[in-house]
Amino acid sequence: MSQSNDTIRKTLIVAVLLSLVFSIVVSAAAVTLRPAQQHNELLNLRSNMLQAAGLLSPDASDEEIEELFSEFEVHLVEMGTGELVSPDRVKADSAEDYDHRRAARNPELSRELDDDPAGINRMVKYNKAYVLRDDDDSIKRIVLPVHGYGLWSTMYGFLALEGDGNTVAGLGFFEHGETPGLGGEIDNPRWIAQWPGKKIYDEDGDFKEPRIKLVQGGADSDSEDYQHKLDGLSGATLTARGVERTINFWLGDRAFAQFLDKARAGEI
Ligand SMILES: Cc1cc2nc3c(=O)[nH]c(=O)nc-3n(C[C@H](O)[C@H](O)[C@H](O)COP(=O)(O)O)c2cc1C
C-alpha cells in the first residue's frame, strides 16, 4: 500500500532540501559574480573621476574609460604634509587599491575630528590624488576626491584642478542623498558648468586658505572675489553650504593644500 506524501516529516525534508539547494545557488552566484562586480565598481569610480576632470562624456565606452584612465598617475598623499607615501604604508597593493572610505573607519588610518566643517566625523591620514601630465611632463590636471555632509547625506565627489593647482577644471558628485530638484541640483549640468575657471585660492596669497563661496542668487560678475563665487542653489542653501565647506576643507591645510604647493613647485 502506498504511503501518503502529505506528512509533516516529508514536507520538512522537501523544505530543507529546497533551502539547501537555493542557498548553494545564491552563494555560488555571489562568489562568481564578485570579481565582475568589483571590476564594474572600479570602472564606475574611474569614469566619475574622468567626468569630473571634464575629460569624458557620460556615454563613453569601457575601453575609452580604461584608455584615458591609464594616462593618469595615482598617488597616495599624506594629509596635512603633502608627502607622497608608498601603498605599503596603508597595506595596499597599489595607491589605486586604497579605499579612503574604509580607511575612515580604521583608527590606524584615520582620526576623529573636533573641528569638522565638512561634517565628515573622521579624517583619513592619507588620500589619493590623480595626476595627468602634458607631453613636456608638466602637470595638466590634478583630480582630488572630496566628501562632506549636505543636508541629508554625505556627498562624495571629485574636484579637478588645472596644473596651476588653483584653477578649477571641474567638479562632480557621484553619490549623495540630497533631494532631487533641491540639493540634488548639484548634479545639474548647468550648475556644474559654472565651476571650471573658478579659483580656489587668492593668487597673491600663500595658497593655504581656500576661498570658495556659494552665494544666494548667484554672483554678479562685477562683484568682489567673483573668481571664487558660485551660485548658492536657491531653496537648497544647506546643501550649498555643505558643498562650500567640503571644497574649502579638502583644499585646506589639513588636507591637500601642501600637496598642491608641491605640485606648483614641480616636486610631484
Ligand atoms: C522635503 C524637503 C526636502 C528638502 N531638501 C533639501 C535639500 O536637499 N537641500 C537643501 O539645502 N534644502 C532642502 N530643503 C529645504 C531646507 O529645509 C531649507 O529650507 C533650505 O535649505 C533653505 O534654503 P533657502 O534659504 O535657499 O530657501 C528641503 C525641504 C523639504 C521640505
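Look above for the structure.
Once a new chain begins, its residue numbering starts again from 1 and follows that chain's sequence as written. Reporting in this predicted model follows two pLDDT cut-offs: at least 70 for local features of residues, and 80 or more for side-chain atom pairs to be given and counted; totals over whole chains, interfaces and linings ignore these cut-offs and use all residues. Excluding hydrogens and water, the side-chain figures rest on all heavy atoms present in the structure.

**Points about the environment of Arg-46**
Secondary structure elements are defined from DSSP: runs of H or I of at least 4 residues count as helices, runs of E of at least 2 residues count as strands, and each element is numbered from the N terminus. The residue Arg-46 is located in helix H1 (residues 8–52) in this model. Linking Arg-46 and Phe-69, residues 23 residues apart in sequence, is a C-alpha distance of 6.7 Å. Ignoring sequence-local partners within four residues, the contact set of Arg-46 consists of Ile-65, Glu-66, Phe-69 and Glu-96. Within 3.5 Å is the distance limit for a polar contact, defined as a pair of N or O atoms, with the added protein rule that one can donate a hydrogen and the other accept it, and that residues adjacent in sequence qualify only through two side-chain atoms. Polar side-chain contacts of Arg-46 include one of 2.6 Å to the side chain of Glu-66. We call two residues contacting when some pair of their heavy atoms lies within 4.5 Å.

**Focus: the site of the ligand**
Of all residues adjacent to the ligand, which total 13 residues, the nearest are Thr-179, Gln-216, Gly-235, Thr-237 and Thr-239. One of the side-chain N or O atoms of Thr-239 is found 2.6 Å from a nitrogen atom in the ligand. Considered on its own, the ligand offers 620 Å² of accessible surface; in the complex 55% of this is hidden by protein. Under the convention adopted here, Pro, Cys and the residues Ala, Val, Leu, Ile, Met, Phe, Trp and Tyr are nonpolar, Asp, Glu, Lys and Arg are charged, and Gly plus all remaining residues are polar. Per-class residue counts for the shell around the ligand are 5 nonpolar, 7 polar and 1 charged. Residues are classed as near a molecule or strand on a simple rule: at least one heavy atom within 4 Å of it. Accessible surface area values rest on a Shrake-Rupley calculation with a 1.4 Å probe, where residue burial reflects the displayed protein chains alone.

**Some words on the packing of aromatic side chains**
Any Phe, Tyr or Trp ring, taking Trp's six-membered ring, that has another such ring centre within 6.5 Å forms a pair; planes under 30 degrees apart are called stacked, those over 60 apart edge-to-face, and the others tilted. Counting across every chain of the model gives 8 aromatic pairs. Here Tyr-130 and Phe-158 contribute two aromatic rings whose centre-to-centre distance is 5.9 Å and whose plane-to-plane angle is 80°, an arrangement assigned as edge-to-face. You can see Tyr-130 sitting in strand S4 (residues 126–133) and its partner Phe-158 sitting in strand S6 (residues 154–162), a full 28 residues away along the chain. For the pair Tyr-130 and Phe-158, a shared accessibility class is recorded, and that class is buried. In this structure an aromatic cluster arises from ring pairing among Phe-69, Tyr-130, Phe-158 and Phe-174. Remark: a charge is flagged as sitting over a ring if the NZ atom of Lys or the CZ atom of Arg is within 6 Å of the ring centre and within 35 degrees of the ring normal. The lysine or arginine in question, Arg-101, covers the ring of Tyr-156, its NZ or CZ lying 3.6 Å from the ring centre. The side chain of Lys-198 reaches across the aromatic face of Tyr-226, ending 3.6 Å from its centre. The buried label applies to any residue whose accessible area, calculated with a 1.4 Å probe on protein chains only, is under 20% of its type's maximum; exposed applies above 50%, and partly exposed to all values in between.

**Quick word on the sheet that holds strand S1 (residues 72–78)**
In this description, strands pair whenever DSSP reports at least two bridges between them. Read across the open sheet, the 5 strands follow the order S1-S4-S5-S6-S7; overall the sheet is antiparallel. Each edge of the sheet is formed by a strand with only one pairing partner; in this case those strands are S1 and strand S7 (168–175). Here the average twist between neighbouring strands, direction ignored, is 25°. Where strand S5 (residues 139–149) lies against S6, 9 bridges are found, and the strand directions are antiparallel. Axes here mean lines fitted to C-alpha atoms, for a helix over just the part in contact, with angles spanning 0 to 180 degrees between N-to-C directions.

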